[in-house]
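Spelled out from the first residue to the last, the chains are:
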Amino acid sequence: MSSSAPVKRIAVIGAGPAGFYAADALVKTFGDGASVDLIERLPTPYGLVRFGVAPDHQKIKSVTRLYDRTLADPRVRYLGNVEFGKHLTLEDLKRHYHAVVFAVGSPNDRRLGVAGEDLKGSMSATEFVAWYNCHPDYRHLEVPLDAKTAVIVGVGNVAIDVARVLAKTVTELGETDMADHALEHLATSTIEDIIIVGRRGPAETKFTTKELRELGELANADIFVREDELEVSPESLGAIQGDVNATKNLEVLQGFGQQQPTGKPRRLHIRFLLSPTEFRGNGRVTSVVCAKNRLEARPDGSLAAVPTGATEELEADLVFRSIGYQGTPLPGVPFDERRAVIPNAAGRVLDAPDGQPVKGLYVAGWIKRGPSGVIGTNKACAMETVATLAGDELLSPEDPRPEAVDALLASRGARPFTAAHWAKLDAFETAAGVAQGRPRVKLIDVDEMFAAIS
Ligand code: NAP
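Quick caveat, the model's predicted, so the values are computed rather than measured.

## Considering the side chain of Lys 442
- Mapping Lys 442 onto the fold places it in the loop between helix H16 (419-436) and helix H17 (446-453).
- Buried charge without a salt bridge: Lys 442, with Asp 177 as the nearest opposite-charge side chain at an N-O distance of 4.2 Å.
- A polar atom in the side chain of Lys 442 sits 2.7 Å from the backbone oxygen of Arg 50.
- Polar side-chain contacts of Lys 442 include one of 3.0 Å to the backbone oxygen of Asn 133.
- If we skip the residues at most four places from it in the chain, Lys 442 touches Arg 50, Lys 61, Asn 133, Cys 134, Asp 177 and Glu 429.

Quick look at the structure:
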C-alpha cells in the first residue's frame, strides 16, 4: 500500500479465532495503511478458544499465542466489553470506519423440535460447554447431574467433549482450567451411563478421528459399540471412499466393538441409526423415544436417515442435544434465516441470499459459512474475506479518528477492556492457576476482572 493513501479504519466485530485471523490478515495486507479495532462483547478475547474448547484439551488453546501477536501489533486496538447493537450501532460503525468485518460466530444451538425438549434435564450441549468453560452468560445454568443415564444426541466433536467431561473424574478435570462452579457440581454427579446417539450410521459420523480415539482410552469409562450397529452397507462404504477421516472413524468404532470392558465406574455407549422423536417425563425427562432408522441414498449421493417404523425407548434422566451451533441476526445486518448465516459472496455481505453487495460490510468465520471446521479453518476463511475487502471500494466515513470512537463509547456508558487490561488479567489468572497446579483459574465476573487488574 502506498504510504500516502489514507489509513483505512476497519472494525472487526468479534474476537474469536475468525476475528483474530481477520485482524491479522488486514494488517498483513494493508501494512501501515490499516488501523483495526477488534471489538468484542465480553471483556476477554479468544471466543470459543476460551469458552468452547474443552478444558482437558489445553494444547488446542495454545493457538492463542498467535493471537497475542496480533494483540501486540500497534495497528490493532482491542476493545473488549463493547457490544455491537448496544454500545455501537451499524450507523455508528459506518460513520467511523471504512469497513466492518463481522466475525461473531454462531452463538446459539440448533433444536430438535420434538415433544418434551424443554423438560427439566434436557438442555443443549452448547449451554453445558459454556457453563463448564466459565462463560459469564451461563454461570447460573442448572445442570441436574443427579442422573444415572445421560443421552447426547449428535455424533460430532461437541458430543465427544460433553461425553468426556461427563465420563472423567473430578480429579482428572481438576487439573484443567474448568470453571470452579462446574468442578464442584460435577463432583456430585451420579452418572453411570453415557449414550451418544447418531441418526445415521458409523460411517457417517462428524467426529475427528483423534477425538474419537480418545473415547476408547478413558481411565474412568469403558466404551461400548453394538456389533449389529457396526454393519455398514456397500452404499455407505462407497460414500466414504477417499474420505480419510470417515474411514478411520469407522475403523476406530469397529475397534471399540472389540474392546472388552474392564469394569470401570462409568460406561460410554455409542449408538447409531436412532432419531429422537419424543422426550418423556413428568416434569423431568425420564426417557427418550427414538425412531429406528435405515439409510437411503439421495440424488446428490448423500445418505439420509429414514425411519423404519420401529422405535426404541432409551432410559435417560439427562439429555444434551448436540446437533450443531446456529448463528443469530445482528441489528441492521442482513441475515439468511434458512442457513442462519449472514448472506455473502466470498466474505462480501449481500443484502439477501444471492442478492447485491452491501458496501463496506464483510463477514468471516462461522457467521459467514456456518458452524463447521476446526479452529484453523477460520484462517483461510478470514484470508478470503480480507482479499475480497482489499479489492473493493470501501466506505468514506465522516470521522475516522480512533478518538471519536472512544468518545462515543464513553457517551454510551461502555467500559472498554483493552489489550493491556487483558495482559494483566491473563497474568492474574495464570498465577492463580500455578498456585493450584492448573493452567489458569478463570474469572467470570466483569467487576471482579476490573478489580483483579486494578
Ligand atoms: P457437527 O460436527 O456439525 O455435528 C452435528 C451432529 O448433529 C451430526 O452428527 C449431525 O448428524 C447431527 N444432527 C444434526 N441435526 C440432527 C437432528 N435433527 N437429529 C439428530 N442428529 C442431528 O457439530 P458440532 O459437534 O456442534 O461441532 C461444530 C464444529 O466445531 C465442528 O466443525 C467440529 O468439528 C468443531 N469442533 C471441533 C473440536 C475439536 O477439534 N476438538 C471440538 C468441538 C467442536 P448428520 O451428519 O446426520 O447431519
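## Some details on the sheet that holds strand S3 (residues 76-79)
- Overall, mixed pairing links the seven strands, which are arranged S3-S2-S1-S4-S18-S17-S16 in an open sheet. Of all the strands in the sheet, the pair left with one neighbour each is S3 and strand S16 (344-345).
- Pairing between strand S17 (residues 348-350) and strand S18 (residues 357-363): two bridges, direction antiparallel. Each residue of the ladder has a partner; that of Leu 350, found in S18, is Pro 357.

## So, unusual backbone geometry
- In the Ramachandran plot, Tyr 46 falls in the positive-phi region, its phi being about 90 degrees despite a non-glycine side chain.
- Relative to the elements of secondary structure, Tyr 46 occurs in the loop between strand S2 (34-39) and helix H2 (48-51).
- Positive phi is not limited to glycine here, since Asn 81 has a value of about 65 degrees.

## Details of the site of the ligand
- Residues in contact with the ligand amount to 22 residues; listed here are only the nearest, Val 155, Asn 157, Arg 199, Arg 200 and Gly 373.
- Here Val 155 contributes a backbone N or O atom positioned 3.0 Å from an oxygen atom of the ligand.
- Surface burial for the ligand is 84%, taken as the share of its 920 Å² of free accessible area covered by protein chains.
- Ranked by the residues each element gives to the shell around the ligand, the list is headed by helix H7 (residues 157-167), at three residues.

## A closer look at the pattern of salt bridges
- Taken as a whole and judged by the stated rule, the model has 41 salt bridges.
- Taking the shortest distance from any N to any O, the salt bridge between Arg 111 and Glu 117 comes out at 3.9 Å.
- Under the relative-accessibility criterion, Glu 117 is labelled buried at 3%.
- Ionic pairing is found between Arg 294 and Glu 296, a salt bridge with its closest N-O pair at 3.1 Å.
- Assessed through its relative accessible area of 40%, Arg 294 is described here as partly exposed.
- A single salt-bridge network, built from bridges that share partners, covers Arg 226, Asp 228, Glu 229, Arg 271, Lys 292 and Glu 312.

## Considering the packing of aromatic side chains
- The tally for this structure, following the rule as stated, stands at eleven aromatic pairs.
- Between Tyr 46 and Trp 422, the aromatic rings sit 5.5 Å apart at their centres with planes inclined by 85 degrees, giving edge-to-face as the arrangement. On the criterion of sequence distance, the pair formed by Tyr 46 in the loop between S2 and H2 and Trp 422 in helix H16 is long-range, its members being 376 residues apart.
- According to the relative accessible area criterion, Tyr 46 is buried, its value standing at 5%.
- A relative accessible area of 2% means that Trp 422 is categorised as buried.
- Taken together, a centroid distance of 5.1 Å and an interplanar angle of 50 degrees make the contact between Tyr 325 and Trp 366 tilted. Residue Tyr 325 is located in strand S15 (residues 325-326), and its partner Trp 366 is located in helix H13 (residues 366-369); the two are separated by 41 residues in the primary sequence. No difference in accessibility class separates Tyr 325 from Trp 366, as the two residues are buried.
- Grouped by ring-pair contacts, the aromatic residues Phe 20, Tyr 21, Tyr 46, Tyr 67 and Trp 422 constitute a single cluster.

What counts and how
- Residue positions are given per chain, counted from 1 along the sequence in the order it is written.
- Where totals are concerned, whole chains, interfaces and linings use all residues; where local detail is concerned, this predicted model gives features only for residues with pLDDT of at least 70, and gives and counts side-chain atom pairs only at 80 or more.
- Excluded from the side-chain calculations are hydrogens and water; all other atoms, namely the structure's heavy atoms, are used.
- The secondary structure listing takes helices from DSSP runs of H or I that are at least 4 residues long and strands from runs of E that are at least 2 residues long, numbered from the N terminus.
- Classification of residues uses two cut-offs on accessible area relative to the type maximum, computed with a 1.4 Å probe and protein chains only: under 20% is buried, over 50% is exposed, and between them is partly exposed.
- His is not counted, nor are the chain ends, whereas Lys and Arg count as positive and Asp and Glu as negative.
- Throughout this description, the term salt bridge denotes a Lys or Arg side-chain nitrogen within 4 Å of a carboxyl oxygen of Asp or Glu.
- Any pair of N or O atoms that falls within 3.5 Å is considered a polar contact. Within protein, one atom must be able to donate a hydrogen and the other to accept it, and sequence-neighbouring residues count only if both atoms are side-chain atoms.
- A contact between two residues is defined here by any heavy atoms of the two lying within 4.5 Å.
- Between any two strands, at least two bridges found by DSSP are needed for them to pair.
- To be near a molecule or strand, a residue needs just one of its heavy atoms within 4 Å of it.
- Only the protein chains shown count as cover for residues, with accessible areas throughout obtained via the Shrake-Rupley method and a probe of 1.4 Å.
- Stacked, tilted and edge-to-face are the three classes assigned to paired rings of Phe, Tyr and Trp, where Trp is represented by its six-membered ring and a pair needs centres within 6.5 Å; plane angles under 30 degrees give stacked, over 60 edge-to-face, the rest tilted.

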